[in-house]
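Examination of the molecular architecture
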Amino acid sequence: MVSGTSVSIYLEFLKDKSADLPYLYLLWGSIHCISLSVIGKIFSSYSEVAFGYKGLQILLYYSAGSLSTMFRVHYTSKVDEKFEGVQADDVESKIREIIPPGFCQGTDDFVSLLEKEVNFKPFGPIIHTYTVYSEEAGEEITYQIHKAELTCPGFREYHERLQTFLMWFIETASYIDVDDERWDYFLVFEKYNKDGTTLFATVGYMTVYNYYVYPDKTRPRVSQMLVLPPYQGEGHGAQMLETVHRYYVSSPNILDVTAEDPSENFVRLRDFVLAKLCQNLPCFSPEKLLEGFSQEMVTEAQQKLKINKQHARRIYEILRLRATDMSDPEKSRAYRLEVKKRLVGPYKKNQREMAKMRRCLNPEELTNQMNQIDLKTQHEQLEESYQELVSDYRRTVERLAQA
Ligand SMILES: CC(C)(COP(=O)(O)OP(=O)(O)OC[C@H]1O[C@@H](n2cnc3c(N)ncnc32)[C@H](O)[C@@H]1OP(=O)(O)O)[C@@H](O)C(=O)NCCC(=O)NCCS
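Residues numbered from 1 in each chain as written. Predicted model: local features only at pLDDT ≥ 70, side-chain atom pairs only at ≥ 80, totals over all residues. Heavy atoms only, no water.

**Structural notes on the pairing of strand β13 (residues 217-227)**
Of the strand pairs in this sheet, strand β12 (residues 197-213) and β13 are connected by 10 bridges, and their pairing is antiparallel. Looking across to β13, one finds that V208 is bridged to V222. As judged from the 2 bridges shared by β13 and strand β14 (residues 258-259), these two strands associate in the parallel manner. What sits directly across from R221, in β14, is T258. In this region the chain leaves β13, passes through helix α7 (residues 236-249) and returns to the parallel neighbour β14; the handedness of that crossover is right-handed. (Pairing = 2+ DSSP bridges. Helix = DSSP H or I, 4+ residues; strand = E, 2+ residues; numbered from the N terminus. Right-handed = clockwise from strand over helix to strand, strands pointing away.)

**Digging into the packing of helix α11 (residues 309-323) against helix α12 (residues 329-343)**
The N-to-C vectors of α11 and α12 enclose an angle of 165 degrees; their axes lie 11 Å apart at closest approach. By the angle class used here, α11 and α12 are roughly antiparallel. Note that α11 runs across α12; the crossing there is left-handed. On α12, the residues touching R313, Y316, E317, R320 and L321 of α11 are A334, Y335, E338, V339 and R342. Split by residue class, the contact of α11 with α12 holds 5 nonpolar, no polar and 5 charged. (Axes fitted to C-alpha atoms, helices over the stretch in contact; angles between N-to-C directions. Parallel < 35°, antiparallel > 145°, perpendicular 65-115°, else oblique. Left-handed = near helix turned anticlockwise from the far one by under 90°. Contact = heavy atoms within 4.5 Å. Nonpolar A, V, L, I, M, F, W, Y, C, P; charged D, E, K, R; others polar.)

**Quick look at the site of the ligand**
Looking at the ligand, there are 17 residues lining it, with M225, V227, G235, G237 and R395 nearest. In the environment of the ligand, an oxygen atom lies 2.8 Å from a nitrogen or oxygen atom belonging to the backbone of V227. G237 places a main-chain nitrogen or oxygen 2.8 Å from an oxygen atom of the ligand. Relative to its unbound accessible area of 930 Å², the ligand is 68% covered by the protein chains. Mapped onto the shell around the ligand, the elements with two or more residues apiece are β13, α7, α8 (264-278) and α15 (375-402). For the shell around the ligand, a count of residues per class yields 6 nonpolar, 7 polar and 4 charged. (Near = heavy atom within 4 Å. Polar contact = N/O pair within 3.5 Å; in protein donor to acceptor, adjacent residues only side chain to side chain. Areas by Shrake-Rupley, 256 points an atom, 1.4 Å probe, with all protein chains shown as cover.)

**Describing the pattern of salt bridges**
Applying the stated criterion to the full structure yields 16 salt bridges. Where E317 meets R313, a salt bridge forms, and the shortest distance between an N and an O atom there is 2.8 Å. With E317 and R313 both in helix α11 and 4 residues apart, this pair spans about one turn of that helix. Here E317 matches R313 in class, with each residue buried. The shortest N-O distance in the salt bridge between D328 and K331 comes to 3.8 Å. A residue is classified by how much of its surface remains accessible, and D328, at 24% relative accessible area, is partly exposed. Take K331: its relative accessible area is 45%, and that puts it in the partly exposed class. (Salt bridge = Lys/Arg side-chain N within 4 Å of Asp/Glu carboxyl O. Buried < 20%, exposed > 50% of the residue type's maximum accessible area, 1.4 Å probe, protein only.)

**Considerations on the sheet that holds β12**
What the 6 strands build is an open sheet, ordered β9-β10-β11-β12-β13-β14; its pairing is mixed. Looking at strand neighbours, the two that pair on one side only are β9 (126-134) and β14, the edges of this open sheet. Taken strand by strand, helix α5 (residues 155-162) contacts β10 (139-148), β11 (183-194) and β12, and its axis lies near 85 degrees from that of β11.

**As for unusual backbone geometry**
Backbone torsion omega between Y214 and P215 reads 0 degrees, so that peptide bond is classified as cis. Along the chain, the position of P215 falls in the loop between β12 and β13. Notably, L67 is not glycine yet its phi reads approximately 60 degrees, a positive angle. The phi dihedral of K306 is positive, around 60 degrees, even though this residue is not glycine. Inspection of the secondary structure assignment puts K306 in the loop between α10 (295-305) and α11. Residue classification places K306 among the buried residues on the basis of a relative accessible area of 6%.

**What to know about the side chain of H236**
Tracing the sequence through the fold places H236 in helix α7. Discounting chain neighbours no more than four positions away, the residues touching H236 are Y130, V132, Y143, V203, V227 and Y231.

**A few points about the packing of α8 against α11**
Contact pair α8 / α11: the axes reach a minimum separation of 10 Å and the direction vectors enclose 75 degrees. Taken together, the axis directions place α8 and α11 in an arrangement best described as roughly perpendicular. Within the contact between the two elements, α8 uses V267, R270, D271, L274, A275 and C278 and α11 uses H311, R314, I315, I318 and L319. When its residues are assigned to classes, the contact of α8 with α11 shows 7 nonpolar, 1 polar and 3 charged.

What follows is the structure, encoded as structure tokens:
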């Protein structure tokens, strides 16, 4: 009897310039995907097991530029419904639900698509170019950020292939409705040379939704952001976010730039990028920072950098930490009180609710409620939140020092 194949995850990206072919994104494994949550999403009812196969392999390849795709499934054996009365999981159709049609299944077809990679050119105008020194290659590598439009020939189909990576890498990912004209698309490409020809590899991308704000403003909201694994931790996320911010800054009807349901990694990245931008504003000078958070900071951050009040406050706290001598007990205490003054907001609300309860509840009911809102616990929680926050802020300050 052939049993369920437990899911092991294997991902490999080939970036081998000496190879005969252009870069490939090669995604394969004894069975698919990148994280257990993705597997849960694909095989929701049977979670981490694809039932009914022996030696199951899912081969999913993308070319690095155009993301031309090859997909096929291999196995050594599969349950036979006639004899064993059970059906194997339909692995192939589950993957087909995620990847768009038009992929090839044979190696020869895929190799001929790879040969066409030399014709692939990034979509839309370049809005920023930068270089990063690669230890591996021993040279500066050039990257380009493009703003693509759905009207660019071939972009719609490219985007359909690109967004499949969200499914492999982001837990809460879903596809967007590209027919909605309020989406903006930003793409990052590596520019590389092969046998004297210039080729491009997809590095990452961002989608931003332009929300309408009454009466005549727009609030761009970062929806999806992905830097592909071989490129993560090289500063591309920061380059992309900064470029996108700068892009919107020049537009008078933009109110501020926000993000939808930001992940912890994204918040860290945004802290760094916004602090890097704000540190050059006059009202974020060390002297002004030590005088406290001001309306002037809110206005300047909003008008010059399209940063909203909540983010401006956080950046103020980060930059003030950098400007504070934390080894001086008095200065360090002033900083702690300043941050806790903000953090204490929700706790104060709790206290107001408790006072209200004292007036409304009978003694027994009140004791029950009081147990839930213990003041000592609140102080401990506040201190914990403060320590966590300051340790996040310190990382940002360190990154700013290296930038
Ligand atoms: C979150 C994400 C977009 C960040 O992109 P990225 O290109 O890796 O970001 P950066 O390289 O600019 O910064 C990431 C880290 O690399 C470090 N780094 C950047 N350049 C570096 C360099 N040259 N040398 C060493 N470290 C470097 C940064 O300090 C940062 O570290 P930290 O996280 O400890 O602060 C990317 O990790 C990703 O796509 N993750 C999966 C999807 C996701 O979470 N998306 C966001 C919400 S939708």
